[in-house]
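Spelled out from the first residue to the last, the chains are:
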Amino acid sequence: MGNNFNFNLSNLSVKLLPDAKILGNKDFTISKFMPFHLAKPGCITYALSSKIGEKQNIISNNASVFITDIDLSDKEDDLLRLNKTIILTKYPRLQMAKIAALFCDYEHDLAAPKIHPSAFIGNNVSIGSGSVIGSCVFINDNVIIGKNCNIMHGSVIGSDGFGYEKDLDGSWFKIPHIGSVIIGDNVDIGANTCIDRGTIGNTIIGNDVKIDNLVHIAHNVKVGDGSFIIANAMVAGSCEIGKFTWVAPSSSIREGISVGDGSIVGMGSVVTKSVQPNTTVMGVPAREKE
């Protein structure tokens, strides 16, 4: 990423955080973003104080530009002599993300949605402006997708959920799923994730929700704004996940229960009872963390 790009301070300035301060060389051009341990002259990298620790580790590194929370104001003469630049901020990881977006086609076009030719789009589907639909995505009929969403490769949105009722002769009768899936704005859905349509009502994904790869969200689930659901998690039917909730990898949440706003479900947990707001649960079965 970034081999064919050249950026100088004027390009980067539009992505600088309000608290960012430039130390050292203020007239630079960079062509590549690289990790700290592989950095070379002419590239930009980032260095967290919690991982790098010492100022000298930055001075001796080969990169030309560093995003960091390590204050090197007292080393500015050394930075100028070595033709190095420091972008100093309290939020280096956020600053890194905003600058890294310049090196790829990551930011959404605010015009028409981009739909890969291999994606299948059903009837009566609405996709908001700036959204991106990846390769081999399947979107069933009557699905609504908001603005600036990113649905990655191989995901399935709006297929029937898993619902059966025993018939009078003892056989299983499949429950029709005539509901839909409604996805809000600024939602990211990772590769090979499945979100089932509702039985009669709808499955609803709120605004700013981030869903990782290989997640299963069953019929009639409601996910509140700003929540994260991480790889291999399973949310069973009719669950309600509150706003700004974190569901860690490989967690399972039983059908019909609620997880309150601001809660955390720990990695690999099996949640069998509803979780109060702002609570952390862990384990099998999941219990409140003491």
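Data block above holds the structure.
So, a few notes on the structure that sits alongside this text. Not measured: the values here are computed from a predicted model.

**Description of the sheet that holds strand β9 (residues 120-121)**
Part 1 of the reasoning: Taken in spatial order, the 8 strands line up as β9-β12-β15-β20-β23-β26-β29-β32 in an open sheet, and their pairing is parallel. Each end of this open sheet is capped by a strand with a single partner; those strands are β9 and β32 (270-271).
Part 2 of the reasoning: Where β9 meets strand β12 (residues 138-139), 2 bridges bridge the pair, whose relative direction is parallel. By the bridge assignment for β12, isoleucine 121 is matched with isoleucine 139.

**Looking at the environment of methionine 34**
Part 1 of the reasoning: One can find methionine 34 in the loop between β4 (32-33) and β5 (43-47).
Part 2 of the reasoning: Exposure remark for methionine 34: the relative accessible area of 14% places this residue in the buried category.
Part 3 of the reasoning: Sequence-wise, methionine 34 and isoleucine 44 are 10 residues apart; in three dimensions their C-alpha atoms are separated by 6.3 Å.
Part 4 of the reasoning: Excluding anything up to four places from it in sequence, methionine 34 contacts Ala39, Lys40, Cys43, Ile44 and Thr45.

**Observations regarding the pattern of salt bridges**
Pairs can form between side chains of opposite charge once their charged atoms are near each other.
Part 1 of the reasoning: Scanning the model with the defined rule gives 5 salt bridges in all.
Part 2 of the reasoning: In this structure, glutamate 76 and lysine 26 form a salt bridge, with 3.4 Å as the shortest nitrogen-oxygen distance. Taken together, the residues glutamate 76 in helix α3 (residues 76-81) and lysine 26 in the loop between β2 (21-24) and β3 (29-30) connect sequence positions 50 residues apart.
Part 3 of the reasoning: Close ionic contact of glutamate 255 with arginine 254 constitutes a salt bridge, the shortest N to O distance being 3.8 Å.
Part 4 of the reasoning: Look at glutamate 255 and you get partly exposed, because its relative accessible area is 46%.

**Topic: the packing of aromatic side chains**
Part 1 of the reasoning: Taken as a whole and assessed by the stated rule, the structure comprises 4 aromatic pairs.
Part 2 of the reasoning: Residues phenylalanine 120 and phenylalanine 138 carry aromatic rings whose centres are separated by 4.8 Å and whose planes lie at 10° to one another, so their mutual orientation is stacked. A residue pair is termed long-range when its members are at least 10 positions apart, and phenylalanine 120 in strand β9 and phenylalanine 138 in strand β12 qualify at 18 residues.
Part 3 of the reasoning: Under the relative-accessibility criterion, phenylalanine 120 is labelled partly exposed at 43%.
Part 4 of the reasoning: When the centroid spacing of 5.2 Å and the interplanar angle of 70° are considered together, the rings of phenylalanine 162 and tyrosine 164 count as edge-to-face.
Part 5 of the reasoning: The exposure class of tyrosine 164 is partly exposed, given its relative accessible area of 37%.

**Things to note about the side chain of serine 251**
Part 1 of the reasoning: Considering the arrangement of structural elements, one finds serine 251 in the loop between β28 (246-247) and β29 (252-253).
Part 2 of the reasoning: The class of serine 251 is buried, set by a relative accessible area of 0%.
Part 3 of the reasoning: Reaching out from serine 251, the side chain makes a polar contact with the backbone oxygen of alanine 248 at a distance of 2.8 Å.
Part 4 of the reasoning: Setting aside anything within four residues of it in sequence, one finds serine 251 in contact with Asn232, Ala233, Met234, Val265, Gly266, Met267, Gly268 and Ser269.

The rules we used
Residues numbered from 1 in each chain as written. Predicted model: local features only at pLDDT ≥ 70, side-chain atom pairs only at ≥ 80, totals over all residues. Heavy atoms only, no water. Pairing = 2+ DSSP bridges. Helix = DSSP H or I, 4+ residues; strand = E, 2+ residues; numbered from the N terminus. Buried < 20%, exposed > 50% of the residue type's maximum accessible area, 1.4 Å probe, protein only. Contact = heavy atoms within 4.5 Å. Salt bridge = Lys/Arg side-chain N within 4 Å of Asp/Glu carboxyl O. Phe/Tyr/Trp six-rings, centres within 6.5 Å; stacked < 30°, edge-to-face > 60°. Polar contact = N/O pair within 3.5 Å; in protein donor to acceptor, adjacent residues only side chain to side chain.

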